[in-house]
Amino acid sequence: VALGLYFPRKEYLENVYIDEPAGMPLLRIHALKDSRDEVAHFHLCQNLIISRARSHENNWFQIREKTGLLYLSKSLDREDFNMLSVGNWMPLSKVMLYVFLSSHPFQEKECDSATRTTVFLSLINATAPACSSLTARQLCFTEMDLSFHIKENKPPGTFHQLQLPSVHHLCQNLSISYKLLAAAGVPFRYNESSSSVRVTQRLDREERERYELIAKCTVREGSREMQVEVPFLVNVLDEDDSPPFLPNGTDTADAVVEFNRKEGTVLSTLTVYDADTTPIYPLESSRKKYTGTIITDDPWISETFRVEHIFDEIHFSPNGSQVRGTRHEY
């Protein structure tokens with residue numbers, strides 16, 4: 001079974017108002033594939049978690065298994081709100097639920113082992129505001145940063161929908177359209193008919209680690225037009241797929257030792273670059289990845305000399321963009 005499906009976001013945020021109708025779409029969650037043949041299945045397993053302390057049976061929210069659309073399965077009334085808020089005096093209550101992901105239809109027992117993302121819902125003790133009272137920013141984008149993580153060397157796929165399902169459902173007399181502003185040749189495409197954003201090719205972190213685009217939204221109401229732009233960021237996650245390299249091609253260094261050298265004297269150095277990984281913590285994990293060895297049969301040499309390993313983060317600049325890597329000094 002392939003377990004490589006993953007979420008391009010660690011968390012999602014959405015507002016839920018009192019008395020919104022059952023069937024109301026709230027947000028669309030996406031998954032990206034590890035291999036081309038995988039099919040994503042979404043599932044809500046656990047209870048709602050309220051204020052990090054209590055949990056409550058989830059009677060209000062469901063997700064479509066094949067599309068990742070989270071929706072209201074039951075209208076949330078004031079009584080429900082009072083039950084789910086810590087006290088009924090609060091204007092809003094935050095609840096949390098987990099969306100799980102599998103490459104085949106779910107069995108309940110899988111909930112603990114499957115890949116998951118967190119959805120934070122702000123339950124607001126008021127009915128939904130009229131569309132005409134919302135700003136362009138509220139009509140176009142949620143409070144979430146548009147920031148995504150895509151693994152390198154994975155198949156293309158859709159990872160976000162710009163159009164907000166709830167606004168599209170409630171504000172049908174408004175015209176809301178989007179554009180993705182990006183430099184030519186960037187491997188992302190916006191599809192106007194589905195309002196979805198897709199990565200069009202496999203990414204290579206050693207070529208480029210971060211893409212900075214802009215999502216632009218235009219709201220039209222009669223002759224009125226409003227525009228808003230927000231940053232749209234994609235970080236490329238590393239896979240350990242490139243070997244370390246030596247700046248001059250040699251992996252050994254000779255040392256000439258003169259008499260009366262003090263303890264701690266550096267006799268020889270060897271530098272190794274790794275564009276593929278950055279120093280990880282704890283530092284011992286990075287140190288164990290590569291080892292420096294003195295090749296000798298003489299026990300006196302082994303006792304008298306040692307190889308020290310220090311490393312630091314450096315930047316490479318392929319194609320003019322900065323990519324982090326590690327320099328190891330022995």
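Residues numbered from 1 in each chain as written. Predicted model: local features only at pLDDT ≥ 70, side-chain atom pairs only at ≥ 80, totals over all residues. Heavy atoms only, no water.

The protein chain has the name RET kinase in an unreviewed UniProt entry, where Aegithalos caudatus is given as its organism. Of the comments in the UniProt record for the protein chain, the one headed Subcellular location (unreviewed entry) reads "Membrane". (UniProt positions renumbered as here; feature names shortened; annotations may be inferred.)

Comments concerning the pairing of strand E9 (residues 115-124)
Most of E9 is tucked away, with eight of its 10 residues classed as buried. Two strands pair when backbone bridges link them, and strand E8 (residues 92-102) and E9 are joined in this way by 10 bridges, in the antiparallel orientation. Looking at E9, one finds that Leu101 is bridged to Thr115. (Buried < 20%, exposed > 50% of the residue type's maximum accessible area, 1.4 Å probe, protein only. Helix = DSSP H or I, 4+ residues; strand = E, 2+ residues; numbered from the N terminus. Pairing = 2+ DSSP bridges.)

Quick look at the UniProt feature "domain: Cadherin" (unreviewed entry) in the protein chain
Mapped onto this structure's residue numbering, the UniProt feature "domain: Cadherin" (unreviewed entry) falls at residues 142-246. This span, residues 142-246, is 6% helix and 50% strand, and a straight line between its end C-alpha atoms measures 47 Å.

Details of the nonpolar core
In this structure, Phe141, Ile150, Phe159, Leu162, Phe188 and Phe232 are the most contacted members of the largest nonpolar core, which totals 35 residues. Only helix H2 (136-140), strand E10 (146-151), strand E12 (175-181), strand E13 (188-191), strand E14 (196-199), strand E15 (210-221) and strand E16 (224-237) provide two or more residues apiece to this core. Those residues in contact with Phe159, other than ones at most four positions away along the chain, are Pro8, His30, Leu32, Phe148, Ile150, Phe188, Val197, Arg198, Val199, Phe232 and Val234. In terms of nonpolar packing, the next biggest core, distinct from the first, is built from 31 residues, Leu5, Ile18, Trp60 and Phe61 among them. (Core = buried A, V, L, I, M, F, W, Y, C linked by side-chain atoms within 4.5 Å. Contact = heavy atoms within 4.5 Å.)

A short note on the environment of Pro155
Checked against the element boundaries, Pro155 lands in the loop between E10 and strand E11 (157-161). Classification of Pro155 as buried rests on a relative accessible area of 5%. Residues Pro155 and Leu181, 26 residues apart in the sequence, show an inter-C-alpha distance of 23 Å. Here Pro155 is in contact with Lys33, Asp34, Ser35, Arg36 and Arg202, once residues within four sequence places are set aside.

As for the sheet that holds strand E2 (residues 25-28)
If you walk across this open sheet you meet the three strands as E2-E7-E6, and the pairing is antiparallel. The sheet is open, and its two borders are formed by E2 and strand E6 (61-63), each paired with just one other strand. Put simply, the sheet's adjacent strands are angled 20 degrees from each other on average, direction ignored. Pairing of E2 with strand E7 (residues 69-72) involves three bridges; the strand directions are antiparallel. By the bridge assignment, Leu27 is partnered in E7 with Leu70. (Axes fitted to C-alpha atoms, helices over the stretch in contact; angles between N-to-C directions.)

A closer look at the pattern of salt bridges
With the rule as written, the count across this model stands at 14 salt bridges. The salt bridge involving Lys74 is made with Asp80; its shortest N-O contact spans 3.2 Å. A relative accessible area of 34% means that Lys74 is categorised as partly exposed. One continuous salt-bridge network, built from bridges that share partners, spans Arg205, Glu206, Glu209, Asp238, Glu313 and Arg324. (Salt bridge = Lys/Arg side-chain N within 4 Å of Asp/Glu carboxyl O.)

Section: the side chain of Thr117
Mapped onto the elements of the fold, Thr117 is located in strand E9. Looking at Thr117, the relative accessible area reads 1%, which means it is buried. Contacts of Thr117, omitting those with residues within four sequence positions, involve Phe7, Arg9, Lys10, Glu11, Tyr12, Ile29, Leu97, Tyr98 and Val99.

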